[in-house]
Each structure stands twice: as structure tokens, then as C-alpha cells.
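Structure assessment
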Amino acid sequence: MTFTLRKLINVIAAALGVVALFLPWYKVTFWGTSVSTNAFGNKAWIAIIEIVALVLFILMELLPEKTVKSINKVLVEKAKIIKIALGGVTAAFGLLGMILYLSESYGMGQMGIGWFITMIAAVGVIVITVIKAKQLDKVVAGKATKK
């Protein structure tokens, strides 16, 4: 299995997205008192969907192509589309979480650092998967194979 720079960046970004789900996602300040919650607060179902999407993304990046082929041949052919869709699911549910949290607090709260990191990670995995840069396909670890 070859581990390219693209895979390394994608795995790091997705892992940061998972960690960010445990950081403060939403903060409400009222009369000098502030309360914050992570993604598993009121809207735990959003966090569960996001963590599943990001973990599936990481698994798709880390599993060797031969293993994925043995599971299902279609997965190998559509891997890029599936990874983009998983990043899109993460971004969409992050936006949904923002809308739900902001609507419940009547504008008295603000999104926390965890939400921003999750959204950057979601957009990052999409961009890195789509971008066509030869530098990102350089081998970091493993054997380089000629295609």
C-alpha cells in the first residue's frame, strides 16, 4: 500500500474533524454567564452522523485498494465520489447544526471553535480529494508503483 501526501492530509483533516466534535460547538452568554456545549449536546444525532461519515472517510483512505476490491469492485471505481459525498454530508450536517442551535437561542449564542474546525475539515477533505496537484500524489510511505 502506498501512502501519498493526499491521503495523509485527508486522514489528518478528517481526524481533526472527529476531535472537533468534542470541542465547544455552541456558546450562549447571558448576563455575564456563559454556557457551551459540544456537538453531542442537544443535537447528538448530528454528531453521530458526522462521526460516522468522517470515520468512513478515514477508513476509505487507509484501507488498501486490494482489500476494498475484495469487498466490492464498485467501491474502488467510485471511491472519489464516495469520499466527496462523505465530506459533503459532514458539511451539510454541520450547517444544519448551526441553524438548529442558532434558532433555539433566539440569536443570543454563537458558534464555537469546534464547529469551525469541523467545517474546515469537511471542506478540506472535499477540496483535497478534488484538487489535481501532482505534488499531492507523491509517495510518503510504502512502495511506489508504476501505473
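The following refers to the structure shown.

Conventions used here
Residues numbered from 1 in each chain as written. Predicted model: local features only at pLDDT ≥ 70, side-chain atom pairs only at ≥ 80, totals over all residues. Heavy atoms only, no water. Core = buried A, V, L, I, M, F, W, Y, C linked by side-chain atoms within 4.5 Å. Buried < 20%, exposed > 50% of the residue type's maximum accessible area, 1.4 Å probe, protein only. Helix = DSSP H or I, 4+ residues; strand = E, 2+ residues; numbered from the N terminus. Contact = heavy atoms within 4.5 Å. Expected span 1.5 Å × (residues − 1). Arc of directions from axis to C-beta. Pairing = 2+ DSSP bridges. Axes fitted to C-alpha atoms, helices over the stretch in contact; angles between N-to-C directions. Phe/Tyr/Trp six-rings, centres within 6.5 Å; stacked < 30°, edge-to-face > 60°.

What to know about the nonpolar core
In this structure, Leu21, Trp25, Tyr26, Ala39, Ile46, Ala47, Ala91, Tyr101, Met111, Trp115, Met119 and Ala122 together form the largest nonpolar core, which totals 12 residues. Among the secondary structure elements, those contributing two or more residues to this core are α2 (44-62), α5 (79-104) and α6 (113-130). Broken down by element, the residue count for this core peaks at 3 residues, all from α6. Beyond its immediate sequence surroundings of up to four residues, Ala47 is in contact with Leu21, Ala39 and Phe40. With 11 residues, the next largest nonpolar core counts Phe3, Ala53, Phe57 and Ile58 among its residues.

Points about α2
Relative to the 27 Å expected for 19 residues at 1.5 Å per residue, α2 spans 27 Å between its end C-alpha atoms, a close match to the ideal helical length. Residues Ile46, Ala47, Glu50, Ala53, Leu54, Phe57, Ile58 and Glu61 constitute the buried set of α2. The buried side chains of α2 occupy one side of the element, clustering within an arc of 135 degrees when seen end-on.

Some words on the sheet that holds strand β2 (residues 26-30)
Spatially, β3-β2-β4 is the arrangement adopted by the 3 strands of the open sheet, whose pairing is antiparallel. A single partner strand is all that each edge strand has here, and the edge strands are β3 (33-37) and β4 (109-111). Across this sheet, the average inter-strand angle for adjacent strands is 20 degrees, counted without regard to direction. Lying on the sheet, α5 is in contact with β2, β3 and β4; it crosses β4 at an angle near 170 degrees.

With respect to the packing of aromatic side chains
The full count for this structure, using the stated rule, is 3 aromatic pairs. Taken together, a centroid distance of 6.3 Å and an interplanar angle of 90 degrees make the contact between Trp45 and Phe93 edge-to-face. Here Phe93 lies in helix α5 and Trp45 lies in helix α2, a separation of 48 residues in the sequence. Under the relative-accessibility criterion, Phe93 is labelled partly exposed at 22%. For the pair Trp115 and Phe116, a centre-to-centre distance of 5.0 Å together with 80 degrees between the ring planes defines the contact as edge-to-face. The class of Phe116 is partly exposed, set by a relative accessible area of 41%.

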